[in-house]
Amino acid sequence: VNVSASYLSHMFSQETGKTLIEYLTYTRIESAKDLLKTTNNKTYEIAHQVGYSDSHYFCRTFKKVTGLTTKQFKNQKQVFSV
């Protein structure tokens, strides 16, 4: 594309209002939420599926973004599906 990474990052931030990392994190967590709702996969499997190699880091990030642990999120899903 012939543009620098910093310029592309700057343009992305201007257009979306989020940094590339914020957008990537949001996208990964939304995908993880869908997987937690629709599968019985283990947390470490979901972490890997959405692009995290460290499941502990994934769990910390998930809680930071959603306010819930993955277990709390799964239990919340079960309460709403009844």
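Structure shown above.
Given the structure is predicted, the values throughout are model-derived calculations rather than measurements.

Chemist: What am I meant to see in the nonpolar core here?
Modeler: As a rule of thumb, nonpolar side chains are buried together in soluble globular proteins. The biggest cluster of nonpolar side chains holds 10 residues, and these are I29, A32, L36, I46, A47, V50, Y52, F58, F62 and F73. At the level of elements, α2 (20–38), α3 (43–49) and α4 (55–66) are the ones that each hand at least two residues to this core. With three residues, α2 is the largest single contributor of residues to this core.

Chemist: Would you explain the environment of H10 in this entry?
Modeler: With respect to the helices, strands and loops of the structure, H10 is situated in helix α1 (residues 5–16). Residue class for H10 comes out partly exposed when judged on its relative accessible area of 45%. It is 26 Å that separates the C-alpha atoms of H10 and F58, two residues lying 48 residues apart in sequence.

Chemist: Would you take a moment to explain the packing of aromatic side chains for this structure?
Modeler: Aromatic ring pairs: the centre-centre distance and the angle between the two ring planes describe each pair. In the structure shown here, the tally under the stated rule is five aromatic pairs. The interplanar angle of 50° and the centroid separation of 5.8 Å between the aromatic rings of Y52 and Y57 together place this pair among those described as tilted. Assessed through its relative accessible area of 42%, Y57 is described here as partly exposed. Ring centres of Y52 and F58 lie 5.4 Å apart, and the angle between their planes is 55°; on these two criteria the pair is classed as tilted. Take F58: its relative accessible area is 0%, and that puts it in the buried class. Lying over the aromatic face of Y26, K18 brings its terminal NZ or CZ to 4.0 Å of the ring centre. Over the ring of Y52 we find R28; its NZ or CZ atom is 4.9 Å from the centre of that ring.

Each value, and the rule that gives it
Per chain, residue numbering runs from 1 following the sequence as it is written. Owing to the predicted nature of the model, reporting of local features is limited to residues with pLDDT of at least 70; listing and counting of side-chain atom pairs is limited to 80 or more, with chain, interface and lining totals taken over all residues. Just so you know, side-chain values use all the structure's heavy atoms and leave hydrogens and water out. What makes a nonpolar core is a set of buried Ala, Val, Leu, Ile, Met, Phe, Trp, Tyr and Cys residues whose side-chain atoms join them at distances within 4.5 Å. The buried label goes to any residue with under 20% of its type's maximum accessible area, the exposed label to any with over 50%, and the partly exposed label to all in between, with areas taken from a 1.4 Å probe on protein chains only. Comment: elements are numbered from the N terminus, with helices defined as DSSP H or I runs of at least four residues and strands as E runs of at least two. Planes of paired rings set the category: under 30 degrees apart is stacked, over 60 is edge-to-face and the rest tilted, where pairs are Phe, Tyr or Trp rings (Trp by its six-membered ring) whose centres lie within 6.5 Å. We call a charge positioned above a ring when the Lys NZ or Arg CZ atom is no farther than 6 Å from the ring centre and deviates by at most 35 degrees from the ring normal.

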